[in-house]
Amino acid sequence: MRHGRREMGEDAAAKGPRARAIEAFNLPLFLKRNALLIAFSAFIMVMPAWASPLSKPLGIPIILTMRLVGVYAIVAVGLNLLMGYAGQVSLGHGAFFGIGAYTSALLTARAGLPVWVGIPCAVLVALIFGVLLAPVLRLKGHYLAMATLAMGIVIFVFMREMTWLTGGNDGVRNIPDLALPFLKVTTTQGEFYYVWVIAIVALALCSNLVNSRVGRAMRALHQSEVAAEAMGVPVSSMKKRTFVLSAALGGLAGALFAHLQGFIDPNQFSILLSISLVTMVVIGGMESVWGSVFGAGLITFLPKLVEALPRWLGDVPDWLEKYSNYEGMVLGVIIMLTMVFMPSGITKGLVDLVRNRRSPFVNPFRRKAVD
Amino acid sequence: MAAGATATSFSEGTLLCAREITKSFGGLTAVKAVSFEVHEGDIKAIIGPNGAGKTTLYDLLTGIYRPDSGAIYFGGKDIVGLPPHRITAMGIARTFQTVRLFPEMTVAENVMVGMHHRTRAGFTTCALKLPLSRREEAWMKEEALATLDIVGLEMQGDSLAGSLPFGQQRLLELARALATKPRLLLLDEPASGLNAYETRELGDIIYRVRDMGITVVLVEHDMGLVMRVSEKVLVLDYGETIAEGTPEEIRSDPRVIEAYLGSEVD
């Protein structure tokens with residue numbers, strides 16, 4: 001480490017003007033590097049203008065749903081850091097989401113703290129749980145998947161059974177609306193902006209992170225743990241930190257969720273939630289920050305779309321109307337199909353198609369030469 | 001202070017010293033009381049038939065396995081029990097017998113992972129893109145290209161590592177190891193799978209690396225390469241040292257001929 005610093009000093013001295021140029025702010029370069037982020041922010045900024053009038057005729061409450069997309073994008077991007085980049089599966093991430101939701105809900109609805117205190121506390125508590133549960137990362141592959149699944153179930157049971165704290169199946173009611181220190185956010189549009197400002201900041205930070213030394217270390221340990229360790233990457237601490245970060249992002253999203261909904265109960269944080277989160281990551285694209293946003297959007301809008309179908313088509317078959325009953329099954333099928341036919345996910349697949357002219361589809365039935 | 005006290009008994013210029021190291025897996029003793037020294041600036045070869053314990057020896061030296069008994073000193077410090085990434089940071093780098101690159105990362109990124117311990121921007125610094133992380137990133141990119149230049153891959157910086165032809169993958173592994181700025185480089189069968197031309201080039205690269213002040217140890221089956229580049233040879237068989245000396249001495253050692261070279265050297 002000392003080596004590195006000394007060399008860097010020499011290097012900067014030798015290439016003085018150049019090193020300084022890197023530090024100076026360069027507007028065109030900044031715009032170019034962050035084009036996607038800026039374009040997406042602009043898209044979100046103007047969204048209420050065109051989406052609100054469309055909501056009625058389409059029968060889909062677009063802005064109302066988009067608030068939730070923002071929430072799920074935050075937790076999905078965190079899960080993508082862990083699963084997509086660092087390659088550590090978590091099938092229990094709904095637990096952190098639930099922990100965040102309950103923390104902020106209880107602190108504000110029961111203890112009477114302001115919302116803007118509740119949310120950071122939720123992040124902190126989720127982070128602490130992340131630290132406490134991080135030792136499961138000693139496990140690998142299927143064992144890790146099983147352990148995190150169990151983790152999700154255990155925390156779900158705690159939420160349901162610790163009635164003195166969580167209210168059990170009755171849940172927590174009258175959770176206050178989102179708020180800033182001197183400003184209550186009451187309109188749907190206000191909530192939409194509140195959530196998305198936080199989400200975009202989180203996305204920007206995560207996308208910086210994955211394109212850095214830390215992100216490279218995550219991807220390296222995903223691809224070969226032995227090689228990463230031998231190249232000087234402290235693998236186990238890197239995994240743990242990533243896990244804690246993704247837990248904290250889960251807690252943040254959960255807290256926002258609680259304040260948006262105004263009411264939470266344990267069943268909202270069951271295994272189905274964890275599975276949906278994994279679906280968002282997988283379908284959007286592993287190792288893709290923006291893919292998570294896309295996945296979150298797709299999975300959140302899907303049930304709304306199905307609900308709206310009767311308006312468009314008139315009569316729909318009975319089984320379509322009861323979609324929510326078998327939503328889990330549909331998610332499962334989506335995961336399976338994505339994994340089999342398009343393992344890189346939709347966004348990465350599209351990038352592959354456009355940039356590398358490589359079809360994102362794989363033929364799983366083709367015989368491979370030598371593996 | 002124990003390590004320091006022992007250090008005084010090393011001969012001048014000893015970089016790595018293994019004493020009586022032993023490692024068994026179940027009933028099989030893969031490495032049996034092997035002792036050797038590597039001097040600063042050496043190119044040393046370790047040879048022996050398949051299953052002689054060469055790769056296990058590397059795994060012991062780099063901390064992947066912990067020896068059952070024995071001591072390993074690197075630069076005078078006891079390194080037994082340290083995790084591999086710490087040993088790498090102290091200055092031992094290695095390549096693998098079966099190439100273990102990060103295939104989905106670019107060639108330059110592979111090398112930049114090797115520079116992990118030479119940089120220090122953490123999660124927060126990287127997420128916020130603070131000046132430190134931007135400075136390091138720029139430095140790493142230049143350094144990565146300079147390192148790739150040593151093995152002649154500087155033009156392939158943006159290709160995916162997994163898409164390189166096999167020979168270049170071996171060279172990339174070497175570059176990645178060099179990126180850790182090692183004092184000692186352990187090469188595990190670097191010439192296997194290379195054609196004659198590539199092997200000759202590899203020999204030149206090994207000399208170049210040594211001239212950079214890096215001590216090189218190579219485990220190798222290609223006797224042409226071993227005889228050409230190495231100054232000292234250690235011969236293992238069934239986990240035990242059976243001979244040690246200059247290539248000429250090894251060539252004529254009856255035990256070595258019996259165990260290993262018999263069919264190759266008349």
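Since the model is a prediction, treat every value here as computed from it, not as a measurement.

**A look at the pairing of strand β8 (residues 215–219) of chain B**
All names here are of chain B.
Working step 1: Along β8, five of the five residues are buried, which leaves the element largely enclosed by surrounding structure.
Working step 2: Judged by which residues are buried, β8 turns out to be covered on both faces: Thr215, Val217 and Val219 on one side and Val216 and Leu218 on the other are all buried.
Working step 3: With four bridges joining them, strand β3 (residues 43–47) and β8 adopt parallel strand pairing. Bridge assignment links isoleucine 46 to a residue of β8, and that residue is valine 219.
Working step 4: As defined by bridge partners, strand β7 (residues 184–188) adjoins β8 across five bridges and the pair is classed as parallel. In the strand pairing of β8, leucine 186 is matched with valine 217.
Working step 5: As a crossover connection, the stretch from β7 through helix α8 (residues 196–211) into β8 is right-handed.

**Focus: the side chain of Asp59(B)**
Working step 1: By the secondary structure assignment, Asp59(B) is in helix α2 (residues 54–61).
Working step 2: Each residue touching Asp59(B), except ones within four places of it in the same chain, is listed here: Ile64(B), Tyr65(B) and Arg94(B).

**Quick notes on the interface of chain B and chain A**
Working step 1: Tallying the contact residues gives 42 residues for chain B and 37 residues for chain A.
Working step 2: Here chain B packs against chain A, burying approximately 3,900 Å² in sum over the two surfaces, 62% of which is carbon and sulfur.
Working step 3: Viewed at the interface, chain A and chain B are joined by two salt bridges.
Working step 4: Between Glu109(B) and Arg219(A) there is a salt bridge; the shortest N-O distance is 3.2 Å.
Working step 5: Among the secondary structure elements, those contributing two or more residues to the side of chain B that touches chain A are α3 (84–90), α4 (107–114), α5 (123–127), α6 (131–151) and α7 (166–178) of chain B.
Working step 6: Sorting elements by how many residues they give to the side of chain B that touches chain A places α6(B) first, with nine residues.
Working step 7: By residue class, the composition of the side of chain B that touches chain A is 20 nonpolar, eight polar and 14 charged.

**Notes on the sheet that holds strand β9 (residues 232–237) of chain B**
All names here are of chain B.
Working step 1: Reading across from one edge, β6-β7-β8-β3-β9-β10 is the order of the six strands in this open sheet, with mixed pairing throughout. Both outer strands of the open sheet, β6 (92–94) and β10 (240–245), are each paired with one neighbouring strand and no more. In this sheet, neighbouring strand axes are inclined to one another by 20° on average, regardless of whether the strands run parallel or antiparallel.
Working step 2: Two strands pair when backbone bridges link them, and β6 and β7 are joined in this way by three bridges, in the parallel orientation. By the bridge assignment for β7, arginine 94 is matched with leucine 186.

**As for the domain arrangement of chain B**
Residues and elements named next belong to chain B.
Working step 1: When cut into domains, chain B gives domain 1 (14–91 + 182–266) and domain 2 (103–181).
Working step 2: The C-alpha centroid of domain 2 is placed 26 Å from the C-alpha centroid of domain 1.
Working step 3: Opposite the 19 residues of domain 1 that make contact, domain 2 presents 12 residues.
Working step 4: Both sides of the domain 1 and domain 2 interface together cover about 1,200 Å² of buried area, and 73% of this is carbon and sulfur.
Working step 5: Counting across the domain 1 and domain 2 interface gives zero salt bridges.
Working step 6: Among the elements of the structure, α3, β7 and α8 are those that each provide at least two residues to the side of domain 1 that touches domain 2.
Working step 7: The element best represented in the side of domain 1 that touches domain 2 is α8, accounting for five residues.
Working step 8: Split into classes, the residues belonging to the side of domain 1 that touches domain 2 amount to 11 nonpolar, three polar and five charged.

**So, the side chain of His85(B)**
Working step 1: In this fold, His85(B) is placed in helix α3.
Working step 2: Judged by relative accessible area, which is 18%, His85(B) ranks as buried.
Working step 3: With near-sequence residues (within four places) excluded, His85(B) lies in contact with Glu229(A), Gly232(A), Val233(A) and Pro234(A).

**Side note on the packing of aromatic side chains**
All names here are of chain A.
Working step 1: For the coordinates displayed, the defined rule picks out 13 aromatic pairs over all chains.
Working step 2: Relative to phenylalanine 269, the ring of phenylalanine 257 has its centre 6.0 Å away and its plane inclined at 75°; by these criteria the two rings are edge-to-face. Of this pair, phenylalanine 257 sits in helix α13 (residues 235–261) while phenylalanine 269 sits in the loop between α13 and α14 (271–284), placing them 12 residues apart in sequence. Both residues of the pair, phenylalanine 257 and phenylalanine 269, count as buried.
Working step 3: One aromatic cluster is present, formed by Phe40, Phe43, Trp50, Trp196 and Trp290 through successive ring pairs.

**Structural notes on the sheet that holds strand β5 (residues 77–78) of chain B**
Sheets are built from strands that pair by backbone hydrogen bonding, the pairs being arranged parallel or antiparallel.
Residue and element names in this part refer to chain B.
Working step 1: One open sheet holds the four strands; their spatial order is β2-β1-β4-β5, and the pairing between them is antiparallel. Two strands bound the open sheet, and with one partner strand each, they are β2 (28–39) and β5.
Working step 2: Relative to β2, strand β1 (residues 14–25) runs antiparallel, the two being bridged by eight bridges. Within β2, the residue paired with threonine 14 across the bridge is histidine 39.
Working step 3: Against the sheet, α2 makes contact with β1, β2 and β4 (69–74), and its axis sits at roughly 65° relative to β2, the strand it touches most.

Rules of the game
- Residues numbered from 1 in each chain as written.
- Chains lettered and ligands numbered in written order.
- Predicted model: local features only at pLDDT ≥ 70, side-chain atom pairs only at ≥ 80, totals over all residues.
- Heavy atoms only, no water.
- Buried < 20%, exposed > 50% of the residue type's maximum accessible area, 1.4 Å probe, protein only.
- Helix = DSSP H or I, 4+ residues; strand = E, 2+ residues; numbered from the N terminus.
- Pairing = 2+ DSSP bridges.
- Right-handed = clockwise from strand over helix to strand, strands pointing away.
- Contact = heavy atoms within 4.5 Å.
- Buried area = accessible area lost by both parts, 1.4 Å probe.
- Salt bridge = Lys/Arg side-chain N within 4 Å of Asp/Glu carboxyl O.
- Nonpolar A, V, L, I, M, F, W, Y, C, P; charged D, E, K, R; others polar.
- Axes fitted to C-alpha atoms, helices over the stretch in contact; angles between N-to-C directions.
- Domains from an automatic or database assignment.
- Phe/Tyr/Trp six-rings, centres within 6.5 Å; stacked < 30°, edge-to-face > 60°.

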